[in-house]
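Working through the structure, step by step
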Amino acid sequence: MKFGPLQPDLMPGAKNAVETCLAVTPNERVALIADQASRAVAASLSAALADRHASFTGLLLEDFGPRPMKVAPPAVLDALETADVGVLCMTPQPGELSARMAIVRIVERRQIRYAHMVGVTPEIMRQGMRADYNMVDRLSDKLRERMLGAQTLTVKTSAGTTIAAHFDRGLDWVKTSGLISPRYWSNLPAGEVFTTPATVDGTFVCDATAGDHFNGKYGDLQSTPLTLRIKNARLVEVHCDRKDLEQEFWEYCHTDENSDRVGELAFGTNLGLSEMIGVLLQDEKFPGVHLAFGDPYGSQTHADWKSRTHVDVLTRNCDVWIDADQIICKGKYRLEHLGLA
């Protein structure tokens, strides 16, 4: 598969993905899956793989049927069954989550190194994919270590977010810092430390981006934020000046019995980012804390429940405390305080 002409300014990010994040070695077999909207990114990744002398199979989703795809194409699943490394770069469409989860299930069963680049754009390749992922990894390690013994996480913003979360010591904190291992696949660009919280209570104002198809449909929500009231980790109220968004979000979060449940609480740890760009894949890695309703990625956190949906919600300029210790001030980590300056 030839994905199209190469854009040279995407190559630093592509090389970072292939050489640093995935650590592809010569002669490894790579399944590179893309869609029409992501062809420029796929072309840069294929060039980086060729420079690495890796053997790769390129697959274009539209070659296997119409979008949105209801199920993962058999050819894609077959390619992952024999690959050492997998990459999925695509723009999500409504109703495709189950197909993507089928891809992830093969990755987790086979424990191959895998980059999940859903929503990737050339802009992201020029920004978040150029981060120093060794530094992102050090910060992520520090936060995971702190949270393993934490009782409470408090998040506040000037826009009205005030939440308190508590944790189950039986559930893991997962680091996806960009240095991808067979044990944990990762989004790219990377920079998250997450768990499934035991409880979350309070008000969360999503005044940045929301996940799944909401990102592509509604974009940055700074001017029309979603105000979400949460009780015992369940979404109990949604308010928004855009009533179509309010209704659609509420209905999405009631798709099944756990769609309204907070399945993920995450730190964004990508220190290479200076501003949000309105694309969830990168914005959720921005320094701060965000939530997601729905599936808890139980294969990683060890949560014992599931959902057919998963939608992230982001907020801007967080103040964050681990117990009584403030570690983020107005969206910036206190690196010296954390011993990382």
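Residues numbered from 1 in each chain as written. Predicted model: local features only at pLDDT ≥ 70, side-chain atom pairs only at ≥ 80, totals over all residues. Heavy atoms only, no water.

Re the overall build of the protein
Scanning the protein from N- to C-terminus turns up 10 helices and 18 strands. For 341 residues, the compact-globule formula gives about 20 Å, and the C-alpha radius of gyration of the protein, at 19 Å, lands near that figure. With 341 residues in all, the protein has 59% of them scored as buried. The contacts of the protein with a sequence gap of at least 6 include a subset with a gap of at least 24, amounting to 73%. Summed over all atoms, the accessible surface of the protein reaches about 13,500 Å², with 49% contributed by carbon and sulfur. Where the 36 positive side-chain charges of the protein centre and where its 44 negative ones centre are 2 Å apart. (Helix = DSSP H or I, 4+ residues; strand = E, 2+ residues; numbered from the N terminus. Rg over C-alpha atoms; globule rule 2.2 N^0.38 Å. Buried < 20%, exposed > 50% of the residue type's maximum accessible area, 1.4 Å probe, protein only. Contact = heavy atoms within 4.5 Å. Areas by Shrake-Rupley, 256 points an atom, 1.4 Å probe, with all protein chains shown as cover. Lys, Arg positive; Asp, Glu negative; His and termini not counted. Charge placed at Lys NZ, Arg CZ, Asp CG, Glu CD.)

Considerations on the environment of Ala164
Its location among the elements puts Ala164 in strand E6 (residues 162-166). Each C-alpha atom of the pair Ala164 and Trp321 lies 9.6 Å from the other, and the pair is 157 residues apart in sequence.

Some remarks on the sheet that holds strand E2 (residues 55-60)
Pairing within the open sheet is parallel, and its 5 strands lie in the order E2-E1-E3-E4-E8. Edge strands, defined here as strands with exactly one partner in the open sheet, are E2 and strand E8 (186-187). Of the strand pairs in this sheet, strand E4 (residues 113-118) and E8 are connected by 2 bridges, and their pairing is parallel. Within E8, the position partnered with Ala115 by the bridge is Ser186. Against the sheet, helix H2 (residues 39-51) engages strand E1 (29-34), E2, strand E3 (85-90) and E4, with an angle of about 170° to E1. Across the sheet, helix H4 (residues 97-110) lies against E3 and E4, angled at about 165° from E4, the strand it touches most. (Pairing = 2+ DSSP bridges. Axes fitted to C-alpha atoms, helices over the stretch in contact; angles between N-to-C directions.)

Quick word on the sheet that holds strand E18 (residues 332-333)
Here we have 8 strands laid out as an open sheet, ordered E12-E11-E10-E6-E5-E16-E17-E18, and antiparallel in their pairing. The sheet terminates laterally at strand E12 (234-239) and E18, the two strands that pair on one side only. As defined by bridge partners, strand E16 (residues 319-322) adjoins strand E17 (residues 325-329) across 3 bridges and the pair is classed as antiparallel. Pairing of Val320 across the sheet is with Ile328, part of E17. Its contacts with the sheet place helix H6 (residues 133-147) against strand E5 (152-156), E16, E17 and E18, and it is angled at close to 145° to E17. Strands in contact with helix H8 (residues 243-252) are strand E11 (226-231) and E12; relative to E12, the strand with the most contacts, it is inclined by about 165°.

Concerning the pattern of salt bridges
Tallying each qualifying case throughout the model produces 21 salt bridges. Glu248 is the salt-bridge partner of Lys217, the closest N and O atoms lying 3.0 Å from each other. Residue Lys217 is found in helix H7 (residues 212-218), and its partner Glu248 is found in helix H8; the two are separated by 31 residues along the sequence. Each of Asp35, Glu62, Arg67 and Glu96 takes part in a single network of salt bridges with overlapping partners. (Salt bridge = Lys/Arg side-chain N within 4 Å of Asp/Glu carboxyl O.)

Some remarks on unusual backbone geometry
Look at the link from Arg67 to Pro68: it is a cis peptide, with omega at 0°. Of note, Pro68 is situated in the loop between E2 and helix H3 (74-81). Along the chain, Leu188 connects to Pro189 via a cis peptide bond; the corresponding omega equals 0°. Tracing the backbone through its elements, the reader meets Pro189 in the loop between E8 and strand E9 (192-195). Unusually for a residue other than glycine, Asn27 sits at a positive phi of about 75°.

Some points on the side chain of Ser307
Looking at the secondary structure, you find Ser307 in the loop between helix H10 (298-301) and strand E15 (310-313). Look at Ser307 and you get buried, because its relative accessible area is 6%. Reaching out from Ser307, the side chain makes a polar contact with the side chain of Asp256 at a distance of 3.1 Å. Of note is the side chain of Ser307, whose polar atom sits 3.1 Å from the backbone nitrogen of Thr309. When sequence neighbours within four positions are dropped, the list of residues in contact with Ser307 reads Met101, Asp256, Asn258, Ser259, Gly294 and Asp295. (Polar contact = N/O pair within 3.5 Å; in protein donor to acceptor, adjacent residues only side chain to side chain.)

Some thoughts on helix H1 (residues 11-21)
Residues of H1 that are buried: Met11, Gly13, Ala14, Asn16, Ala17, Val18 and Cys21. Downstream of H1 by one or two residues, Ala23 has phi in the positive range, about 50°.

Points about the packing of H1 against H2
Across the interface, H1 lies against H2 with an axial gap of 8 Å and an inter-helix angle of 55°. Considered as vectors, H1 and H2 are oriented oblique to each other. The way H1 lies across H2 gives a crossing that is right-handed. Here Met11, Ala14, Lys15, Ala17 and Val18 of H1 lie close against H2, whose contacting residues are Ser44, Leu45, Ala47, Ala48, Leu49 and Asp51. Considering only residue class, the contact of H1 with H2 consists of 8 nonpolar, 1 polar and 2 charged. (Parallel < 35°, antiparallel > 145°, perpendicular 65-115°, else oblique. Left-handed = near helix turned anticlockwise from the far one by under 90°. Nonpolar A, V, L, I, M, F, W, Y, C, P; charged D, E, K, R; others polar.)

What to know about the pairing of E4
Buried residues dominate E4, accounting for 6 of its 6 residues. Of the two faces of E4, both are covered, the one formed by Arg113, Ala115 and Met117 as well as the one formed by Tyr114, His116 and Val118. Direction of pairing for E3 relative to E4: parallel, over a ladder of 6 bridges. What sits directly across from Gly86, in E4, is Tyr114. Handedness of the crossover is the feature at issue here: the chain leaves E3, passes through H4, returns alongside E4, and the resulting connection is right-handed. (Right-handed = clockwise from strand over helix to strand, strands pointing away.)

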